Each structure stands twice: as C-alpha cells, then as structure tokens.
Amino acid sequence: MTKKGWLYWLFFLALFAAPFYLTEFRLSLLGKFLCFAMIAIGISLIWGYTGILSLGHGVYFGLGAYCMAMYLKLESSHGRLPDFMEWSGVHQLPWFWKPFEHPLVAISSAIIIPVLLAAFLSYFTFKNRIKGVYFSLLSQAVVVVFVTLFIGKQEWTGGTNGLTNFSTVFGFPLSSPFTQIILYWITVCLLLLIFLFSRWLTVSRFGRVLVAIRDGENRVRFLGFNPTTYKVFVYSLSAAFAALAGIMFVLQVGLISPAMMGIIPSIEMVLWVAVGGRSSLIGAVIGAIVTNSAKSFFSENYPDIWLLFLGGLFIGVVMFLPNGLAGVYQSFKQRKGQREGKTHEAGSHVSRSVGGF
Amino acid sequence: MSVVITQVFNGFSLGSILLFVAIGLAVTFGLMGVINMAHGELIMVGAYMTYVVQQIFAKYAPQSMGYYFFIAIPVAFFVSALLGWGLEKILIRHLYHRPLDSLLATWGVSLILQQIARTIFGAPNVAVLPPEWLDGGVRIAGVVFPYKRLFILVFVILSIFALYIYLTKTPAGRRIRAVTLNRDMASCLGISTRKVDAYAFAIGSGFAGLAGCALTLLGPIGPTIGTYYIVDAFMVVILGGVGKLIGTVLGAFGIGLVSTLMEYSTSATMAKVMMFALIIAFLQWKPSGLVSVKTRSLD
C-alpha cells in the first residue's frame with residue numbers, strides 16, 4: 001500500500017474513534033460536519049471534475065432532510081396530527097404525508113425525490129447546451145422557488161420553523177448518547193462509502209470523460225460522446241449524496257428549516273469545496289470540516305465578524321488559492337520533491353486533478 | 001374591466017422595477033459577460049445614499065425637502081459607479097476568464113458590503129420618506145394609478161433611453177460595444193480595452209445605484225434589500241438574452257406581467273413556482289433567450 005493510502009485510512013480511523021476522545025457536544029458538531037462533507041464530495045465531483053457550478057445543492061439536501069423529518073415527525077406524534085398542522089387549522093393528514101409513516105418509503109423517497117428533481121433540471125438545461133454561469137444562476141433560482149414554497153405552505157411544511165421536536169427513530173430515543181454515537185458511526189461509514197465510490201469513479205474511464213467535458217465540452221461531443229448523459233448522471237449523483245447528507249443531518253441535529261436550504265447555505269457548500277480544493281475529493285472533505293469548524297468558532301465568539309470573514313474567504317480562496325488546501329499541499333510536495341532532486345513531471349492542472357488524491 | 005387594467009398596470013409596475021434592477025446587469029453581465037453577484041449590494045448602496053441625502057436635507061435644508069430626490073439620483077449613481085469602478089480595478093479584472101470564480105468572489109464582496117452596511121446603518125430597516133409631491137395618484141376610469149409607481153415607470157424608461165443613446169450614439173459607448181463584440185479587433189484599432197472595461201463596469205454599477213434610489217420609493221430599505229432582487233434580475237437577463245438591451249426590456253416586462261397575472265389567479269407562492277417552470281420551458285424553445293446576437297462561434 002502506498003504512503004498516501006495509509007494516510008486516508010488513518011484519517012477515517014481517527015473519525016471512527018472520535019466518540020472515545022471527543023465530548024458529546026463536539027461529537028455532535030463533528031457528526032454534522034461529516035454530513036456536510038458528503039455534500040462536499042458531490043460538489044467536488046460536479047464542480048472540480050465536470051465544471052458544473054451548482055448553487056442549488058441546498059435544495060437537494062433540504063428535500064432529503066424534509067422527507068426523513070416527515071417520518072420522524074409522524075413517529076413522534078403517535079398517530080395524531082403533527083403539532084404545527086393543528087396550529088395551522090389542518091384537520092386531516094394531507095395525502096402526501098401518509099406514505100411517510102413507513103420508514104422505508106421515507107428513506108427511499110428522501111433519495112429519489114431530490115435525484116428526480118436534479119435529473120429533471122439538469123436534463124432540460126444541459127440538453128439545450130445551457131451551461132456555465134447560466135446553469136449556476138438557474139440552480140440558484142430553484143433554491144428561491146423551494147424556499148418560498150416551503151415557507152408559504154406553512155400548514156404542510158411547518159413554515160419558517162421547519163420540522164423539529166422529534167423523539168424517537170425506529171423506537172430508539174434520539175436524545176440518548178448511545179443512539180447519537182450509533183448515528184455518528186453510520187455517518188462515518190456512509191462518508192467512507194461515498195468517498196471510495198467517488199474515488200473509484202474519478203480514476204475510471206468515466207472520470208476521465210468528466211474531466212474532458214470540463215476542459216472542452218465540444219471536443220468531447222465531436223469525439224462521439226454525449227456530454228449531456230454524463231453531466232445529468234453526475235449531477236444527479238451529487239444530488240443523491242446531498243440527500244443522503246440531509247437524512248443523516250436531520251437524524252443528528254433534529255431540526256430542518258427553510259433557512260438551512262436557502263441561498264446562503266447553498267453557496268457556502270461551494271465554499272467548503274473551494275477551500276479544500278475543488279478537484280480533490282479528500283480536499284473537499286477536509287474543506288467542509290475546516291470551514292465549518294471555523295464557522296462555529298467564529299459565530300460562537302464573534303458573530304459580527306463571521307460574515308466579513310466568510311466574504312474575505314470567498315475572495316481570498318478564488319484569488320490566491322484556486323486549488324484550495326489540496327493545491328497548497330501539492331505545491332508544497334512538488335517543491336520538496338525538487339529539493340530532493342527527484343524528477344517530477346511538470347504536472348499541469350489537468351493531469352494533476354485526474355490522478356491527484 | 002377595472003380589474004384587468006389594475007392587474008396590467010401592476011404587471012407593468014413590477015416589470016419596471018425588475019427592469020431597473022436588471023439594466024445594470026444588462027451592461028455588466030449582458031455586454032461584458034461578468035457575473036457580479038454584488039450587484040444587489042450596489043443597489044443597496046444607492047438606496048442608502050438616498051437615505052443619507054434625505055437625512056442631510058432634513059437637517060440642513062428642511063424647507064427644500066421636496067427636491068432632495070433630484071440630488072439623491074446623481075449621488076446614488078456616482079457613489080455606486082465609483083464602488084463598481086474600484087471593484088473592477090481591484091478584483092474583477094483578474095477574473096475575466098474565470099466566470100464561475102468571479103461569481104464566487106463577487107458573492108464574497110456582497111457579504112462584506114452587507115456587513116458594512118449593517119455596521120454603519122444598523123440591522124433594522126430604515127424608512128426613506130418619499131417627496132410629498134409623489135403622494136397620491138391619478139384616477140382614470142375608476143382605477144387609481146399611484147404617482148410613485150408612475151414615476152418609477154417614467155424614470156426607468158428615461159434611464160434605458162439614456163443608456164441606449166450612450167451605447168449607440170456617443171464615441172465612448174461605441175467603444176464599449178466594439179470591445180464587447182470583438183475585443184482583439186478593437187484593441188488592434190487602438191482602443192484601450194482595459195479602460196473601456198473599467199468604464200463599462202462603472203456605468204453598469206451606476207445604474208444599480210439608480211435602481212436603489214427608485215426602490216426607496218416603495219418601502220423601507222435594509223442591508224439585505226439587494227439579495228431580495230438579485231436572483232429575479234438575473235432571471236430577467238437570462239430570459240431576455242444577453243447582448244441586446246431590448247431583450248432585457250422584454251424580459252422584465254414579460255416576467256412582470258405574467259407573474260402578476262399568475263399571482264392574481266393563484267397565490268404569490270405558486271406564482272413564483274410557476275414562473276420558474278415557465279422560464280425553464282421557455283429556454284427549451286429558445287435556449288439563448290428572447291433576443292440574442294447571432295454568432296457562428298462555438299462557445
């Protein structure tokens with residue numbers, strides 16, 4: 001096994017062992033950040049590898065979380081109407097809430113609904129060769145639409161408060177530390193699976209086509225590939241990752257509201273990846289953890305400065321670190337290699353991002 | 001009958017506001033191809049400048065309060081234009097070939113500007129009192145047309161006319177168009193493209209200031225007023241097509257009219273959802289928007 005491979009396993013082993021050396025509060029934060037890391041891997045796939053910048057991943061995350069939350073809400077209501085519906089004057093459970101009484105339906109639709117939405121949106125834009133910033137802006141408009149919808153339909157979605165006050169999942173109390181540790185471990189396992197799958201995807205022939213689409217979509221088209229199929233697939237895949245993150249998020253945090261899927265959270269997701277390194281999967285994971293740790297540190301201590309810091313981070317990363325932390329690591333390694341007299345290939349951006357990490 | 005007239009008027013009114021917010025974008029995004037997410041915050045700056053001018057008038061010249069708006073218009077324009085010029089000089093000129101990155105960087109700028117506004121003016125909204133001569137409305141065929149809405153409509157038509165004249169009749173405007181059509185050729189003919197870029201961006205930003213000035217007539221303003229409009233404004237430019245002003249005008253009034261009519265027949269939330277579905281459906285038919293410049297280049 002290579003030296004780098006060991007580092008990966010060490011990293012994930014440290015995550016697995018976290019319940020033994022972190023306090024309960026820190027562990028719940030880390031669990032949340034790992035959910036975000038799942039989204040980051042998906043965004044790295046579409047942005048770093050395929051060149052699609054999506055500002056709409058908050059929606060896929062939110063839809064996944066809402067589907068799971070609907071099940072949790074029904075379970076904790078014990079056959080009665082959920083509390084917010086009573087307050088809004090609804091007397092009967094709406095028909096589309098009914099199937100969510102079954103956990104399997106809830107979990108599968110938490111993945112399927114966001115994936116269908118992503119496939120629909122991406123098919124009808126990429127088919128017409130609408131790309132680049134146009135797609136980014138359209139995906140941002142999707143966020144606005146869904147946030148307005150979820151706030152407006154208060155009697156069905158809980159409005160701005162969202163869905164909260166869950167008690168149990170499959171009969172286990174959500175508040176007990178034991179359940180939380182199990183959920184944390186499930187999150188780490190899922191993250192590892194997503195990471196391995198994405199890594200396998202990017203080093204395969206498929207991944208090379210993705211990079212080719214990023215660097216010259218028309219050339220790929222002239223070579224006989226259909227970029228639309230690839231782009232729709234990878235976009236829907238990243239939506240599935242975001243939805244999975246939403247499920248685990250709502251189980252651990254116990255709350256989902258429109259504010260968590262809005263414009264600002266969606267664009268923050270892109271920032272995590274930019275900080276970590278857009279074309280590096282492990283960079284995206286580390287970026288999500290580092291940026292969110294910084295966020296919780298700043299917003300605990302200096303809430304006013306956080307926005308300034310966030311804005312500065314956007315500008316700084318784009319201007320000075322276009323390849324993020326992973327890029328810093330790469331250039332550090334290259335310099336070290338030169339010092340030691342090893343012969344390194346010049347390693348353009350492209351070749352680095354195909355094999356790198 | 002009066003219901004129809006009211007709805008159509010409301011549609012035009014909403015369209016005029018959207019158009020105002022989108023004019024600046026038509027220059028920076030449509031002509032130059034730069035995504036400026038801080039455009040909304042330049043609108044906010046224009047709105048706060050109007051507020052500042054009003055406060056100054058209230059303190060030093062209360063007798064001529066009625067005319068503060070005419071001072072506020074140029075002040076809002078020039079302050080926003082200056083900010084935009086600085087933004088171009090410091091940040092955007094490095095990112096012309098990386099549109100996705102310029103989107104993210106200018107988003108960062110917008111967060112910083114919002115926080116600065118919050119620090120200076122406070123987080124709660126502030127109210128700008130519109131001049132007294134804009135109170136009330138004119139009554140035609142049993143329908144009241146508020147003066148404020150009519151004023152915005154006229155204001156936006158004058159602004160877009162001025163921009164059109166500037167771009168097509170003056171040497172400076174023609175240079176902008178030359179550079180946006182064929183940068184290398186324009187540069188060969190002795191046009192300083194760097195200078196033109198900065199000017200064009202400043203003008204687009206100045207129009208954002210004017211939009212902010214107009215928005216103060218509609219209600220209180222706050223640090224996040226820009227984000228409220230920016231997504232809709234980009235939709236206008238995407239729907240209208242880039243490169244031609246007329247596309248932006250049609251896009252704005254189209255979205256304004258259709259969404260007002262849908263809001264009337266369903267609800268505000270559903271109208272937003274349906275409007276977006278309509279835009280996606282429309283792009284199936286014309287992927288490059290209503291009016292587009294024909295080109296044979298591939299990308």
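Residues numbered from 1 in each chain as written. Chains lettered and ligands numbered in written order. Predicted model: local features only at pLDDT ≥ 70, side-chain atom pairs only at ≥ 80, totals over all residues. Heavy atoms only, no water.

Points about the overall build of chain A
Then, number 1: Broken down by element type, chain A carries 17 helices and four strands.
Then, number 2: Rg of the C-alpha trace for chain A: 21 Å, near the compact-globule value of 21 Å for 357 residues, within the 12% margin.
Then, number 3: Dimensions of chain A along its principal axes, counting C-alpha atoms only, are 75 × 50 × 40 Å.
Then, number 4: Within chain A, the proportion of its 357 residues that are buried is 57%.
Then, number 5: Summing over all exposed atoms, chain A offers an accessible surface of approximately 15600 Å²; the carbon and sulfur share of this is 68%.
Then, number 6: With 26 positive and 13 negative side-chain charges, chain A shows a separation of 16 Å between the mean positions of the two kinds. (Helix = DSSP H or I, 4+ residues; strand = E, 2+ residues; numbered from the N terminus. Rg over C-alpha atoms; globule rule 2.2 N^0.38 Å. Buried < 20%, exposed > 50% of the residue type's maximum accessible area, 1.4 Å probe, protein only. Areas by Shrake-Rupley, 256 points an atom, 1.4 Å probe, with all protein chains shown as cover. Lys, Arg positive; Asp, Glu negative; His and termini not counted. Charge placed at Lys NZ, Arg CZ, Asp CG, Glu CD.)

Some words on the overall build of chain B
Then, number 1: Counting its secondary structure elements, chain B contains eleven helices and two strands.
Then, number 2: Counted from the first residue to the last, chain B has its helices and strands arranged as α-α-α-α-β-β-α-α-α-α-α-α-α.
Then, number 3: Radius of gyration (C-alpha) of chain B: 19 Å, near the 19 Å computed for a compact globule of 299 residues.
Then, number 4: Its C-alpha atoms give chain B principal-axis dimensions of about 55 × 50 × 35 Å.
Then, number 5: Looking at chain B residue by residue over its 299 residues, the buried ones come to 52%.
Then, number 6: Taking all contacts inside chain B whose residues are at least 6 apart in sequence as the whole, residues at least 24 apart take part in 75%.
Then, number 7: Summing over all exposed atoms, chain B offers an accessible surface of approximately 13400 Å²; the carbon and sulfur share of this is 67%.
Then, number 8: Of the charged side chains in chain B, 20 are positive and 10 negative; the average position of the first set lies 8 Å away from that of the second. (Contact = heavy atoms within 4.5 Å.)

Looking at the pairing of strand S2 (residues 143-146) of chain B
Then, number 1: Going residue by residue along S2 of chain B, you find Val-143 and Phe-145 of chain B tucked away on one face and Val-144 and Pro-146 of chain B left uncovered on the opposite face.
Then, number 2: With antiparallel pairing between neighbouring strands as the criterion, strand S1 (residues 137-140) of chain B and S2 of chain B make up a hairpin whose turn holds two residues, including Ala-141 of chain B at a positive phi of roughly 55°. (Pairing = 2+ DSSP bridges.)

Re unusual backbone geometry
Residues and elements named next belong to chain A.
Then, number 1: Even without glycine at this site, Arg-129 takes up a positive phi of about 60°.
Then, number 2: Looking at the element boundaries, Arg-129 is found in the loop between helix H6 (103-126) and helix H7 (133-152).
Then, number 3: In this model, Asn-165 sits at a positive phi of 60°, which is unusual for a non-glycine residue.
Then, number 4: Following the sequence through the fold, Asn-165 ends up in the loop between strand S1 (163-164) and strand S2 (168-169).
Then, number 5: What makes Asn-165 exposed here is its relative accessible area of 53%.

Points about the pattern of salt bridges
It is possible for side chains of opposite charge to pair when their charged atoms get near one another.
Residues and elements named next belong to chain A.
Then, number 1: Tallied over the entire structure, the rule returns eleven salt bridges over all chains.
Then, number 2: Where Glu-217 meets Arg-221, a salt bridge forms, and the shortest distance between an N and an O atom there is 3.4 Å. Note that Glu-217 and Arg-221 are positioned in helix H11 (residues 217-222) at a spacing of four residues, about one turn of the helix.
Then, number 3: With relative accessibility at 16%, the residue Arg-221 sits in the buried group. (Salt bridge = Lys/Arg side-chain N within 4 Å of Asp/Glu carboxyl O.)

Focus: the side chain of Arg-278 of chain A
Then, number 1: Among the structural elements, Arg-278 of chain A can be located in the loop between helix H13 (263-276) and helix H14 (281-301).
Then, number 2: From its side chain, Arg-278 of chain A meets the backbone oxygen of Pro-322 of chain A in a polar contact 3.4 Å long. (Polar contact = N/O pair within 3.5 Å; in protein donor to acceptor, adjacent residues only side chain to side chain.)

Brief notes about the packing of aromatic side chains
Then, number 1: Per the stated rule, a full pass over the model turns up 45 aromatic pairs over all chains.
Then, number 2: Residues Phe-282 of chain B and Trp-285 of chain B carry aromatic rings whose centres are separated by 5.5 Å and whose planes lie at 85° to one another, so their mutual orientation is edge-to-face. Remark: Trp-285 of chain B and Phe-282 of chain B occur in helix H11 (residues 268-285); sequence separation between them is three residues, near one turn of the helix.
Then, number 3: A relative accessible area of 62% means that Trp-285 of chain B is categorised as exposed.
Then, number 4: Here a set of aromatic residues connected by ring pairs shows up, and it is made of Phe-20, Tyr-68, Phe-69, Phe-70, Trp-133, Phe-151 and Phe-155 of chain B.
Then, number 5: In this structure, Lys-231 of chain A packs its charged tip against the face of Phe-126 of chain A, placed 4.5 Å from the ring centre. (Phe/Tyr/Trp six-rings, centres within 6.5 Å; stacked < 30°, edge-to-face > 60°. Lys NZ or Arg CZ within 6 Å of the ring centre and 35° of its normal.)

Describing a positive patch on the surface
Then, number 1: The grouping of Lys-333, Arg-335, Lys-336 and Arg-339 of chain A at the surface amounts to a positive patch.
Then, number 2: For Arg-335 of chain A, a relative accessible area of 55% translates into the label exposed. (Patch = residues over 30% accessible without salt bridge, like charges linked within 9 Å, V, L, I, M, F, W, Y side chains within 5 Å.)

Brief notes about the environment of Ile-238 of chain B
Then, number 1: Relative to the assigned elements, Ile-238 of chain B resides in helix H9 (residues 225-240).
Then, number 2: A C-alpha to C-alpha distance of 9.7 Å links Ile-238 of chain B and Phe-29 of chain B, two positions 209 residues apart in sequence.
Then, number 3: Filtering out sequence-adjacent residues up to four positions away, Ile-238 of chain B remains in contact with Tyr-134 and Leu-137 of chain A together with Phe-29, Leu-283 and Gly-289 of chain B.

Concerning H11 of chain B
Then, number 1: Between its terminal C-alpha atoms H11 of chain B stretches 26 Å, which fits the 26 Å expected from 18 residues at 1.5 Å a residue.
Then, number 2: Considered for burial, the residues of H11 of chain B that qualify are Thr-269, Ala-271, Met-275, Phe-276, Ile-279, Ile-280, Phe-282 and Leu-283 of chain B. (Expected span 1.5 Å × (residues − 1).)

So, the environment of Val-258 of chain B
Residue and element names in this part refer to chain B.
Then, number 1: Relative to the helices and strands, Val-258 is located in helix H10 (residues 245-265).
Then, number 2: In this structure Val-258 comes out as partly exposed when scored by relative accessible area, which is 32%.
Then, number 3: Along the sequence, Val-258 and Pro-74 sit 184 residues apart, while their C-alpha atoms lie 33 Å from each other.
Then, number 4: When sequence neighbours within four positions are dropped, the list of residues in contact with Val-258 reads Met-275 and Leu-278.

Some remarks on the UniProt feature "transmembrane region" (unreviewed entry) in chain A
Residue and element names in this part refer to chain A.
Then, number 1: Taking the numbering used here, the UniProt-annotated feature "transmembrane region" (unreviewed entry) corresponds to residues 6-22, 29-49, 104-126, 132-151, 182-201, 232-257, 269-290 and 305-329.
Then, number 2: Secondary structure within residues 132-151 divides into 95% helix and 0% strand; the distance between the first and last C-alpha atoms comes to 29 Å.
Then, number 3: As annotated, residues 232-257 has a helix share of 85% and a strand share of 8%, and its two end C-alpha atoms lie 28 Å apart. (UniProt positions renumbered as here; feature names shortened; annotations may be inferred.)

Quick look at the interface of chain B and chain A
Then, number 1: Across the contact, 37 residues belong to chain B and 44 residues belong to chain A.
Then, number 2: Interface area lost by chain B to chain A is led by Leu-100, Leu-104 and Trp-107 of chain B, which between them contribute 17%.
Then, number 3: Applying the counting rule to chain B against chain A returns one salt bridge.
Then, number 4: Arg-278 of chain A is paired through a salt bridge with Asp-101 of chain B; the nearest N and O atoms lie 3.2 Å apart.
Then, number 5: Here chain B and chain A share four residue pairs in polar contact (both at pLDDT 80 or more) between them. (Buried area = accessible area lost by both parts, 1.4 Å probe.)

Focus on the UniProt feature "transmembrane region" (unreviewed entry) in chain B
Residue and element names in this part refer to chain B.
Then, number 1: The UniProt record marks residues 12-35, 67-87, 99-117, 150-167, 199-221, 233-257 and 269-285 with the feature "transmembrane region" (unreviewed entry), using the residue numbering of this structure.
Then, number 2: The straight-line gap between the two end C-alpha atoms of residues 99-117 is 27 Å; of that span, 100% is helix and 0% is strand.
Then, number 3: Taken end to end, residues 150-167 has its terminal C-alpha atoms 26 Å apart, with 100% of it in helix and 0% in strand.

Looking at a nonpolar patch on the surface
Then, number 1: Where nonpolar side chains cluster on the molecular surface, the patch consists of Phe-297, Tyr-302, Ile-305 and Leu-308 of chain A together with Ile-116 and Ile-120 of chain B and spans about 570 Å² of accessible area.
Then, number 2: Broken down by secondary-structure element, the contributors of at least two residues to the nonpolar patch are helix H15 (303-320) of chain A together with helix H4 (99-121) of chain B.
Then, number 3: Along the polypeptide, Ile-116 of chain B turns up in helix H4.

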